[in-house]
Amino acid sequence: MSVIDHLSGPEDLAPDEREAVETLLYRLADDEFVLAERYTEWQVRSPTLESDLALSNIAQDELGHARLWYDLLEDFGHEEADLLWERDPETFTHSTLVELPFESGDWADPIVRSYLYDEAEHLRLQALEDSSYPRLEDRVGKVQGEERYHREHATNWLERLASTEEGHERVQTTLDRLFPHALTLFQPVDPEIEARIDEYGIRTQSLDALGQQWLETVVPFLESLGLAVPIAEDGAVTADDLPETIGRDANHTEDWFDLYEEFTYTYHDLGRDSAERIMSDPDDQ
Amino acid sequence: MTDDTTPTDPSSEFAGTDRDDRAHDVDVAFDPDADATPCAYTEYVERGEVAGLPATGEDAAGIEREVWDALYDVEDPEMPVSIVDLGLIYAVELEAIESDLESHEDDVHVRVIMTLTYTGCPARKMLTEEVREAAASPRGVASSELELVWSPEWSLDMVTEQGKSDLRDFGLSV
């Protein structure tokens, strides 16, 4: 008997379970892919060589993680072209936090964004560690292991940026702009399907519970840096706190459609109809 | 494997900036007061040994032995170390397609279960295809397939003694 069991997959799921798993995978994969896509805009533009390398490496990590989740969607019969290059941009379910363009040249933006995002990602991965879908559970530990320094990087930078007057001001301005969008990380794609994701144990914490834990983590820390977090004193999040478009429900800002056009431009320019491979994919054998 | 390290020390850019003792509840391990190490942010994680892993084909014989020998010949794309000694192979399974393994040739299907050191590994396609081809190369093997798994997580503890020796020869401190 092998130490490694073969992991049950889509064929072992009932249709409503399949829909729940797929919905969760799209949430995860789209967030990671789009954020990585945005991060790469800082390549050769970050304030120092080291910060450039760090953020580029974080982008590479997120692309690797996006691939792990898209891989699992391929198990359901989807192909890479359908998942990304030829997918209707109006079907992506990432949070608006990851699609917004960076304020030009403002290093506070990727740092605040990364901090808000990576704390949320840490929590949502924890809620998958005991997932009832074995292929998700199998991958979570590896991803968590690669995520830790993202939070460390963002936290260290936030402390430094917030310690000078100009830096503090920039961080505060960025926080005011991004925080409502960060709240959308915990919004449902579809409330009924999200309830099923929880009911089937695919995710072991509800979005509301995760959102609450996230607030309990990020609000005290940001306040300890002397920052004002734009949220009601009792910590309650209402619809008024959310931005006009939340992303998760597949409604997006115009910036997303520009970004989509940009990253699919070459694919269409070269007249492709499938994702080009240097060699065949072992998963396809 | 080099991809498994943290790229840079972000704090060194501002070495002169005072870090205060402001508490924050991020459970990160960085300790500014710890003794400096050659690369403070390079994390060679030891996660403890996992019983039965990695698979090394120690007791394999016959066609299975030949499959293992072929896998041993595949090297990491960045370092001169066999992927078996690096600890990437978690299982090799042989399956007779039509009849028993002894009496027929070219009727064995091989399934390799392996992991990678890093999810963002840019050499993933190249390496996994090379492994799959190697597994199919011995006479008597009709086909092969490869499954990537991500747990148990690969760590330095997966590297065999031979692998550690090869990595040391290459100049790594392991």
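Residues numbered from 1 in each chain as written. Chains lettered and ligands numbered in written order. Predicted model: local features only at pLDDT ≥ 70, side-chain atom pairs only at ≥ 80, totals over all residues. Heavy atoms only, no water.

A.B. asks: When you look at the pattern of salt bridges in this model, what are you seeing that I'm missing?
C.D. replies: Inspection of the entire model under this criterion finds 23 salt bridges over all chains. Linking A:Glu41 and A:Arg38 is a salt bridge whose minimum nitrogen-to-oxygen distance equals 2.7 Å. Among the residues examined, A:Arg38 registers a relative accessible area of 5% and is labelled buried. With a shortest N-O distance of 2.8 Å, B:Glu145 and B:Arg111 are connected by a salt bridge. (Salt bridge = Lys/Arg side-chain N within 4 Å of Asp/Glu carboxyl O. Buried < 20%, exposed > 50% of the residue type's maximum accessible area, 1.4 Å probe, protein only.)

A.B. asks: When you look at the sheet that holds strand 2 (residues 108–114) of chain B in this model, what are you seeing that I'm missing?
C.D. replies: Either a parallel or an antiparallel arrangement is found when strands of a sheet pair, and the pairing is made through backbone hydrogen bonds. Residue and element names in this part refer to chain B. Spatially, 1-2-3 is the arrangement adopted by the 3 strands of the open sheet, whose pairing is mixed. Each having just a single partner strand, strand 1 (89–96) and strand 3 (141–148) make up the two edges of the open sheet. In this sheet, adjacent strand axes meet at a mean angle of 15° when their direction is disregarded. In this sheet, strand 3 lies alongside strand 2 in parallel orientation, the contact comprising 7 bridges. Paired with Val108 across the strands is Val141, a residue of strand 3. The sheet contacts of helix 2 (residues 124–136) involve strand 1, strand 2 and strand 3, and relative to strand 3 the element is tilted by about 145°. (Pairing = 2+ DSSP bridges. Helix = DSSP H or I, 4+ residues; strand = E, 2+ residues; numbered from the N terminus. Axes fitted to C-alpha atoms, helices over the stretch in contact; angles between N-to-C directions. Contact = heavy atoms within 4.5 Å.)

A.B. asks: Got a minute to help me understand the nonpolar core in this structure?
C.D. replies: Soluble globular proteins tend to bury their nonpolar side chains together. Of all hydrophobic cores here, the largest spans 124 residues; its most connected members are A:Trp69, A:Leu116, A:Phe179, A:Trp214 and B:Val131. Here this core takes 11 residues from helix 1 (residues 15–39) of chain A, the largest share from any one element. With sequence-adjacent residues up to four places away left out, A:Phe179 is seen in contact with A:Leu116, A:Trp214, A:Leu215, A:Val218, A:Val229, A:Pro230 and A:Ile231. (Core = buried A, V, L, I, M, F, W, Y, C linked by side-chain atoms within 4.5 Å.)

A.B. asks: So what exactly am I meant to see when it comes to helix 6 (residues 134–161) of chain A here?
C.D. replies: Residue pairs spaced three or four apart in an α-helix point in one direction, given the helix's 3.6 residues per turn. Residue and element names in this part refer to chain A. The terminal C-alpha atoms of helix 6 lie 41 Å apart, and with 28 residues this matches the ideal 40 Å at 1.5 Å per residue to within 8%. Residue Glu146 marks the point of greatest curvature in helix 6, where the axis turns by about 30°. For helix 6, the buried fraction is high: 23 of the 28 residues fall into the buried class. (Expected span 1.5 Å × (residues − 1). Bend = angle between axes of the 7 residues up to and from the residue.)

A.B. asks: Can you help me understand empty space enclosed by the protein in this one?
C.D. replies: Regions of empty space are outlined by a rolling probe, equal in size to a water molecule, passed over the atoms. Residue and element names in this part refer to chain A. Inspection of the entire model under this criterion finds 1 cavity of 30 Å³ or more. One number sums up the size of the largest cavity: a volume of about 120 Å³. If you trace the largest cavity, you find it lined by Leu24, Arg27, Leu28, Ala120, Arg124, Leu128, Leu185, Phe186, Arg203, Leu207, Leu210 and Arg248. The set of elements that each furnish at least two residues to the lining of the largest cavity consists of helix 1, helix 5 (108–126) and helix 9 (207–224). With 3 residues, the top contributor of residues to the lining of the largest cavity is helix 1. Split by residue class, the lining of the largest cavity holds 8 nonpolar, no polar and 4 charged. (1 Å grid on protein atoms, 1.4 Å probe; cavity = no way out; pocket = protein on both sides within 12 Å on 5 of 7 lines; lining within 4 Å. Points joined across faces, edges and corners; volume = space filled by probe spheres on them. Nonpolar A, V, L, I, M, F, W, Y, C, P; charged D, E, K, R; others polar.)

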